[in-house]
Amino acid sequence: MYYAAPQEILPRRLLTMSSVNAKRHVPLDVADRRAGWVRALTLAVTIVATIAVLSACDRSEQAQGPGGGGMPPALVAVQTVKPVSVPVRFEFVGQTAGSKEAEVRARVQGILERRTYQEGSRVKAGQLLFVIDPKPYAAQVQAAEADLARAEAQSAQASRNFERVKPLAGSKAISQRDYDEAVSAAETGAAAVKQAQARLTEARLNLGYTSVTAPVGGLASRALKSEGSLVSPGEASLLTTVSQVDPLYVNFSVSEAEQRLLLKATGNPTASAAGPKDAAAVTVTLKLSDGTVYPHKGRLAFIDPRVNTQTGSFDARAEVPNPDGALRPGQFVRAVIEGAPRPDV
């Protein structure tokens, strides 16, 4: 039997272990090539599957045919576009105001006896609103009448004296001084009569001012003075206000650019402000706060040619009929203004 030496056995074991390790550790370039082949194979399989699915769908649609129960073609709306004439349109925020805002004031001093109207109601021009105590002014009228009667009597006496001395002066029976005094007395008497007449007229006017009437017809506001109050002419003489609401004004502001466009809409682009004829070409429609449209159309009354220094814009006003009194002064509305149509827009 042959026995290998220990020196021979050791190298063989080392060689065997090196071979095993070499098999376990594959080089890096070989691993990259394997990963590339795997990706290529996966991509090819995906492409083939996609083509197969698309071919199956195509065959299914062909088998169904035009009436095979597939989805119908979508409906498409077709509209013909052509140029038309469009009116120029603007919209502004405005506030209503009475066409006439009349202040009812006390013109004489006295105690306010009674109010004869219903606050917030519609009144007519000349209707009695307040009564101031007339008794002191009635007494003044009577005193003025008495003064007038006395002045007329004195004037008549002076006229008779003048008529008596007039022929005597011609015959030089009286002195020139006496004649001049008679003439002066007659003239003074006539002047006193006129003065008494003026005082009587003033007294009667003051008596009439104790009955305070409405200067215009419209809606009467609340009374600012109650019965029993002392009223007098001056700053504190305001008793109430009366607003004429038919027609009604709508005040709004217009910027400089909008002012130029509005003037173009009226057909007068070179003017500095809209005149009556130009404003008649523009219609005004009001939108109320709840979104409803006011049934009566108005017109553009004017555009101020001067810029308001406080707002930096032009003040404008529209006039709207208000026969049923549906609109009240002070309401905020939207004024829609339509001008001359622009052709082929």
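All of these numbers come straight from a predicted model, not from anything done at the bench.

1. Concerning the sheet that holds strand β2 (residues 110-115)
Working step 1: Across the sheet, which stays open at both edges, the four strands sit in the order β5-β4-β2-β7 with antiparallel pairing between neighbours. For this open sheet the edge positions go to β5 (211-213) and β7 (230-231), each flanked by a neighbour on one side alone.
Working step 2: Sheet topology places β2 next to β7; two bridges connect them, and they run antiparallel. By the bridge assignment for β7, Ile 111 is matched with Leu 230.

2. Overview of the nonpolar core
Working step 1: Residues Phe 92, Val 250, Phe 252, Leu 262, Leu 286 and Ile 337 are the most contacted members of the largest nonpolar core, which totals 24 residues.
Working step 2: The element that contributes the greatest number of residues to this core is strand β8 (residues 238-254), accounting for five residues.
Working step 3: The residues contacting Leu 262, other than those within four sequence positions of it, are Phe 90, Phe 92, Val 254, Ile 303 and Ile 337.
Working step 4: Of all hydrophobic cores here, the second largest spans 19 residues; its members include Tyr 137, Ala 214, Ala 220 and Val 242.

3. Examining the pattern of salt bridges
Working step 1: Summed over the entire model, instances satisfying the criterion amount to eleven salt bridges.
Working step 2: The residue Arg 306 makes a salt bridge to Asp 304 at a minimum N-O spacing of 3.9 Å.
Working step 3: Judged by its relative accessible area of 63%, Arg 306 falls in the exposed class.
Working step 4: In this structure, a network of salt bridges that share partners links the residues Arg 89, Glu 91, Arg 334 and Glu 338.

4. Quick look at the pairing of β2
In summary, the side chains of a regular strand alternate between the two faces of the sheet.
Working step 1: Across three bridges, β2 lies against strand β4 (residues 128-132) in antiparallel orientation. Counterpart to Arg 115 in the pairing with β4 is Phe 130.

5. Some words on the pairing of β4
Working step 1: With four of five residues buried, β4 is to be regarded as a mostly interior element.
Working step 2: Here β4 pairs with β5 via three bridges, running antiparallel. Along β5, the bridge assignment pairs Val 131 with Ser 211.

6. Looking at a nonpolar patch on the surface
Working step 1: Residues Leu 43, Ile 47 and Ile 51 make up a contiguous nonpolar surface patch of about 290 Å² in total accessible area.
Working step 2: The topology assignment puts Leu 43 in helix α2 (residues 28-64).

7. Some words on the environment of Ala 151
Working step 1: Looking at the secondary structure, you find Ala 151 in helix α3 (residues 135-170).
Working step 2: Under the relative-accessibility criterion, Ala 151 is labelled buried at 6%.
Working step 3: Sequence separation between Ala 151 and Val 193 is 42 residues; the distance between their C-alpha atoms is 5.0 Å.
Working step 4: In this structure Ala 151 touches Gly 189, Ala 192, Val 193 and Ala 196, once residues within four positions along its chain are discounted.

Conventions used here
- Residues numbered from 1 in each chain as written.
- Predicted model: local features only at pLDDT ≥ 70, side-chain atom pairs only at ≥ 80, totals over all residues.
- Heavy atoms only, no water.
- Pairing = 2+ DSSP bridges.
- Helix = DSSP H or I, 4+ residues; strand = E, 2+ residues; numbered from the N terminus.
- Core = buried A, V, L, I, M, F, W, Y, C linked by side-chain atoms within 4.5 Å.
- Buried < 20%, exposed > 50% of the residue type's maximum accessible area, 1.4 Å probe, protein only.
- Contact = heavy atoms within 4.5 Å.
- Salt bridge = Lys/Arg side-chain N within 4 Å of Asp/Glu carboxyl O.
- Patch = residues over 30% accessible without salt bridge, like charges linked within 9 Å, V, L, I, M, F, W, Y side chains within 5 Å.
- Areas by Shrake-Rupley, 256 points an atom, 1.4 Å probe, with all protein chains shown as cover.

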